[in-house]
Amino acid sequence: MATFLSKLFKPKWQSKHLPTRLEAIKALDEHQQEEQHILQQLAKEETHPEARSAAINKVTNSQCLISLHGQVDDAIKRTIEARLQQLASAQSLTLFDLILDAELLCEMIVKSEQPDVFINGLGHIEDPQALLTIATHGKTSRIRQAAAELLESEQPLQALANAAKSKDKSVYQIAKNKLNRIRTELKTRAEHRAAVEKILGELEELAHTDNLQMYNAKLESLIQRWDAHVAEASEAERVCFKERVAACKQRSETLEREAREQAEQERLERAGGDEQAATLLMLQETLEHFQGQAASAQDRASLDALIKTQETRWLEATRHTQVEKAQSKKYQNMMHALRHILASVQAFAEHESVIRQEITNIAASREDAGKLASHVRKLKDTLQKVDWPANFAQPHTLQQAHEALGQSADIKQALAENAKALQDTIQQQLKQLDESLEDKQVKASAKLVKAIQGNLAQLDGARAEKLNAKLSLYIKQLHELRDWQSFAASPRQEELCDEMERLCEHTMEPRAKAEKIRAMQKEWKTLGGASDKNLWERFKAAADKAYEPCQRYFDEQQRLKDNNLQRRQTIIEQLGTFIENNDWDNTDWPAADKINQRARQEWKSAFPVDFKANKPLQKEFNRLLGKLDDYLNGERERNHAKKEAIVNEAEALIEQQDLQAAMQQAKALQKSWQEVGITAHKTDRALWKRFRAACDAIFARRDAQREEHHQALADNLDTARQLLATIDNYLNGIDATTPLSELTQTQRDFRTQFKQLPMLAKKEQEPVNHAFQTAMDKLSQQIKERKLAHEKSMWSAAQQGASLCRKAYIAQQDGTLNEALIAEGDTQFSDLSAYPGNLGKMLKELWIGVKANSLPKQAILDNDEARALCIRAEIAAGIDSPDSEKQLRMQLQVGRLSEGISKKVEHQSREAQLAAVLESWYRKVGLSEQETAPYEARIQHCMKSLFGEQ
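Residues numbered from 1 in each chain as written. Predicted model: local features only at pLDDT ≥ 70, side-chain atom pairs only at ≥ 80, totals over all residues. Heavy atoms only, no water.

A. Looking closely at the overall build of the protein. Tallying secondary structure elements over the protein gives 37 helices and zero strands in all. Counting the 950 residues in the protein, one finds 38% classified as buried. Here the protein displays about 56,900 Å² of accessible surface, and carbon together with sulfur accounts for 50% of that area. (Helix = DSSP H or I, 4+ residues; strand = E, 2+ residues; numbered from the N terminus. Buried < 20%, exposed > 50% of the residue type's maximum accessible area, 1.4 Å probe, protein only. Areas by Shrake-Rupley, 256 points an atom, 1.4 Å probe, with all protein chains shown as cover.)

Structural data, given as structure tokens:
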């Protein structure tokens, strides 16, 4: 009967005819669980490549394909890889998301004919050995370089460098560069670590040292050094640093306070406990200090504080005590001296740059007595303003100033000596001039006159006056000599005629040409005129002809001046008409201001003009501008008042509690500001600065609120991160002793805490949610594993109880049931909580029936039922049955399909299906221990497949 059924229900995918198998495989529904199982079985066992490929192309279980990949030849591997890519694409995943096995991915990439398509996904591979294999054996340079770029640890990079050194220069260079960077980073990190430890050690020493010399400078140096290495410090080291710095600062303040107190006490003791005497002693020591060491700008604050504190101390000390006149006078004199020093220090700070400049100027004025005197006078005035007190140490700059004044006297003496030498030179030149005039040398004499005049200009008035009188006599002689020589000027006049005639033909700029003509005419005059009338007429005719283009140019310039004069007259008329006829109570002030500016521009552009003719026009124009400015200034003042009111309102808004209302009003004031009319630029800029400052202060409050909101979001993020850290710590602390109930309750508590987290920034929500869900997934996995372990434990108890029942049943049948076995069974079934579901109760009833030898027929198990139960368990667990059972398994599957059981079971989990089979298995007895053993082994295999190892 069984053989007949197997032939009757033999599926077509088991046909020996290949086309039939292919059609059957094509007809299998890959979405049906049972048929998907068949397809997976065919993918594993089918011998024909075409049929196997057809089955593989319909398998939807990626893990099945991945496990199969390592067991087939290269042709089938390519089919499996193509199918995996299809499955990934169908799920909107990459192959790297679907396949988590780095070795498989590596093998696929290395063997691929187009490995470059995997470049974008290489980042998913975290296994450095897989990346090393790709970088070494990839088929294209691009894939090798991409894999090399992803290697980050030193060992694989060194291996890659060794492998690629003589084969792939680009990959070798990448590996070498990354190795160098890693080693540099390691070295730098080690240096930073050493520096951190050294700084902390030095701070520890500084916190306990008794050497107070340069204490604060040493501490500041350590703090600056720490800033350069703080990134490499651990949190504990940073806390240690802050604590030690605080200790050092506290020690420094304590020591300084103690030093001050001790100094005060010593003064008080030296003064015999008298506060008045102690105050005088303090002032005396301070004055003595500044007598030996010059006060500087850095001493201003401390000196000012000293004066105020000692003044208060003196008042307190003398409030109820009679003060001796000598002591009071001494106090007043010393306080006056200290105030004088403070005022001088402040004045010196203000004028130091001027003093330095004048010192430089004096050094540079060695050749000019006038400039030297000016700079000396200015330096003396500045030193008088500083008024540095006598008998007190002076700053270096003041010392230099007094040295410069001392040197100025030497320079003045040197200049006087130079003046004597210059006077001697002039005397010598006058002697030469006298000889030149005797020799009738006009040009040489004229040259000497100019030289003498130049030298005389360098002498002071007293020395130059006598020499000037003598020079005047020689100049008169020179003029007489020229008159005497005028009769001999004809040759030069001939030359001038030739030059003027050439100038007629020469083209040049009119003003330069006219200047040239005037120079030649002037020279003609210096020659004393011409005795030859024809020569004069020739020169005049040539000059007139040469001047004709110049005359035309100057006529044109005169017309331009006349036109500009007329334009200015028109401007005056139009401006006067506007001022007289304009309605100044309802005027367009921006337009009026524009007319004012335009009139000034037009007036300026109407140039050149004849100065004399323009003078009355300029006066009238200035009068009209003044009148127009009066109107405009009045409007400007009114607008200044408006803007002043706007500024006051804006400044009042700074303290307004309702920030939103304040900002809205500030914006309205900004609009009102823009609507205010003309203003004076300088006043407007001052008001604008105040208005801008007030608006900035208002909107700074908004920025502060935003910053506060951002800070709140940052705090919320810290709270979320703390919760995530707590969850991670809890996950890391879970071990085998953690109860399942605690895990479940903790998961609920974490979810509740996460829901109660404050609002996060949008950009932070997704990563925080993802991190929390990942942690919850890990915890859920722990709970699942704990539940599976619990189920395994209960089924193990069930197996023990069933084994005891079966043993007792056989003993009952053999008549060997003894008291010990009965006692063991009673103890076994005294507590039913260790069994799954109702199985404990069923096993106890079975035990009672075995003892009483009154079992119902359905509790007795035979081999056929045991085989069927094992196959059902293997179907539920999703594992293969032995080859000898495949026929029976098919019959059972067909039978279930016929009865409609498969569809109902399909909605149950595999665990539930297996639990139902195990319940039927363990509540039956009848087979011997030898008969039960192979079935029990198969049952245990099913349990391990679903629940894992015991």
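What follows picks up the thread again.
B. Main features of the packing of aromatic side chains. One pass over the structure, following the stated rule, counts 15 aromatic pairs. The interplanar angle of 65° and the centroid separation of 5.4 Å between the aromatic rings of tyrosine 553 and phenylalanine 554 together place this pair among those described as edge-to-face. In this structure phenylalanine 554 comes out as partly exposed when scored by relative accessible area, which is 26%. Between phenylalanine 754 and phenylalanine 772 the ring centres are 3.8 Å apart and the planes differ by 5°, which places this aromatic pair in the stacked class. Of this pair, phenylalanine 754 sits in helix α29 (residues 740-755) while phenylalanine 772 sits in helix α30 (residues 762-814), and the two are 18 residues apart along the sequence. You can call phenylalanine 754 buried: its relative accessible area is 18%. On the accessibility criterion, phenylalanine 772 (4% relative accessible area) is buried. Through a chain of ring-to-ring contacts, three or more aromatic side chains come together here, namely Phe578, Trp584, Trp589 and Tyr631. (Phe/Tyr/Trp six-rings, centres within 6.5 Å; stacked < 30°, edge-to-face > 60°.)

C. Unusual backbone geometry, seen in detail. The amide bond that connects phenylalanine 607 to the next residue, proline 608, takes the cis arrangement and shows omega of 10°. Following the sequence through the fold, proline 608 ends up in the loop between α25 (589-605) and α26 (611-653).

D. Expanded view of the confidence of the model for the protein. Summarising the model, the protein shows a mean pLDDT of 78, and 85% of its residues fall at 70 or more. Taken as a whole, residues 1-9 scores under 50 in pLDDT and shows five contacts with residues more than four places along the chain or in a different chain. (pLDDT = per-residue confidence, 0-100. Contact = heavy atoms within 4.5 Å.)

E. The arrangement of the side chain of threonine 679 in detail. Of note, threonine 679 is situated in the loop between α27 (659-675) and α28 (681-733). Among the residues examined, threonine 679 registers a relative accessible area of 18% and is labelled buried. Side-chain polar atoms of threonine 679 contact the side chain of aspartate 684, separated by 3.1 Å. Apart from residues lying up to four places away in sequence, threonine 679 is in contact with Arg636, Asn639, His640, Lys643 and Asp684. (Polar contact = N/O pair within 3.5 Å; in protein donor to acceptor, adjacent residues only side chain to side chain.)

F. Quick look at the nonpolar core. Membership of the largest hydrophobic core comes to 40 residues, with the highest contact counts inside it found for Leu843, Trp921, Tyr922 and Ile939. Within the residue set of this core, elements represented by two or more residues are α30, α31 (819-828), α32 (839-852), α33 (863-877), α36 (910-922) and α37 (929-947). The biggest single contributor to this core is α30, with nine residues. If you look at the next biggest cluster of nonpolar residues, it comprises 33 residues, including Ala295, Leu303, Ile341 and Phe392. (Core = buried A, V, L, I, M, F, W, Y, C linked by side-chain atoms within 4.5 Å.)

G. View of the packing of α33 against α36. The geometry of α33 relative to α36 is characterised by a closest axis approach of 8 Å and an angle of 165° between their N-to-C directions. By the criterion of interaxial angle, the relationship of α33 to α36 is roughly antiparallel. The handedness of the crossing between α33 and α36 comes out as left-handed. Here Ala866, Leu869, Arg872, Ala873, Ile875, Ala876 and Ala877 of α33 lie close against α36, whose contacting residues are Arg910, Gln913, Leu914, Val917, Ser920 and Trp921. Tallied by class, residues from the contact of α33 with α36 come to nine nonpolar, two polar and two charged. (Axes fitted to C-alpha atoms, helices over the stretch in contact; angles between N-to-C directions. Parallel < 35°, antiparallel > 145°, perpendicular 65-115°, else oblique. Left-handed = near helix turned anticlockwise from the far one by under 90°. Nonpolar A, V, L, I, M, F, W, Y, C, P; charged D, E, K, R; others polar.)

H. Up close: the environment of glutamine 782. Within the secondary structure layout, glutamine 782 lies in helix α30. Judged by relative accessible area, glutamine 782 falls into the partly exposed class, the value being 25%. Between the C-alpha atoms of glutamine 782 and leucine 731, which are 51 residues apart in sequence, the distance is 8.9 Å. With residues near it in sequence (within four places) discarded, glutamine 782 still touches Ile734 and Leu743.

I. Up close: the environment of alanine 278. Topologically, alanine 278 is positioned in helix α15 (residues 275-292). With 35 residues separating them in the primary sequence, alanine 278 and arginine 313 have C-alpha atoms 9.6 Å apart.

J. Inspection of α32 at higher detail. For α32, spanning 14 residues, the distance from its first C-alpha to its last is 20 Å, which sits close to the expected 20 Å at 1.5 Å a residue. Among all positions in α32, only Leu839, Gly840, Leu843, Leu846, Trp847, Gly849 and Val850 are buried. For α32, the secondary structure elements touched by its buried residues are α30, α31 and α36. Of the residues one or two after α32, asparagine 853 is the one with positive phi, at around 55°. (Expected span 1.5 Å × (residues − 1).)

K. Up close: the pattern of salt bridges. In this structure the tally under the stated criterion is 32 salt bridges. Glutamate 509 is paired through a salt bridge with arginine 511; the nearest N and O atoms lie 3.1 Å apart. Residue glutamate 509 is classed as partly exposed on the basis of its relative accessible area, which comes to 34%. For glutamate 651, the salt bridge identified is with arginine 690, shortest N-O distance 3.2 Å. On the criterion of sequence distance, the pair formed by glutamate 651 in helix α26 and arginine 690 in helix α28 is long-range, its members being 39 residues apart. You can call arginine 690 partly exposed: its relative accessible area is 30%. (Salt bridge = Lys/Arg side-chain N within 4 Å of Asp/Glu carboxyl O.)

L. Molecular detail of the packing of helix α2 (residues 18-27) against helix α4 (residues 49-56). Axis separation between α2 and α4 bottoms out at 10 Å; the angle between their running directions is 5°. In terms of their interaxial angle, α2 and α4 are classed as roughly parallel. Where α2 approaches α4, its residues Leu18, Arg21, Leu22 and Ile25 are matched on the opposing element by Glu50, Ala51, Ala54 and Ala55. Split by residue class, the contact of α2 with α4 holds six nonpolar, no polar and two charged.

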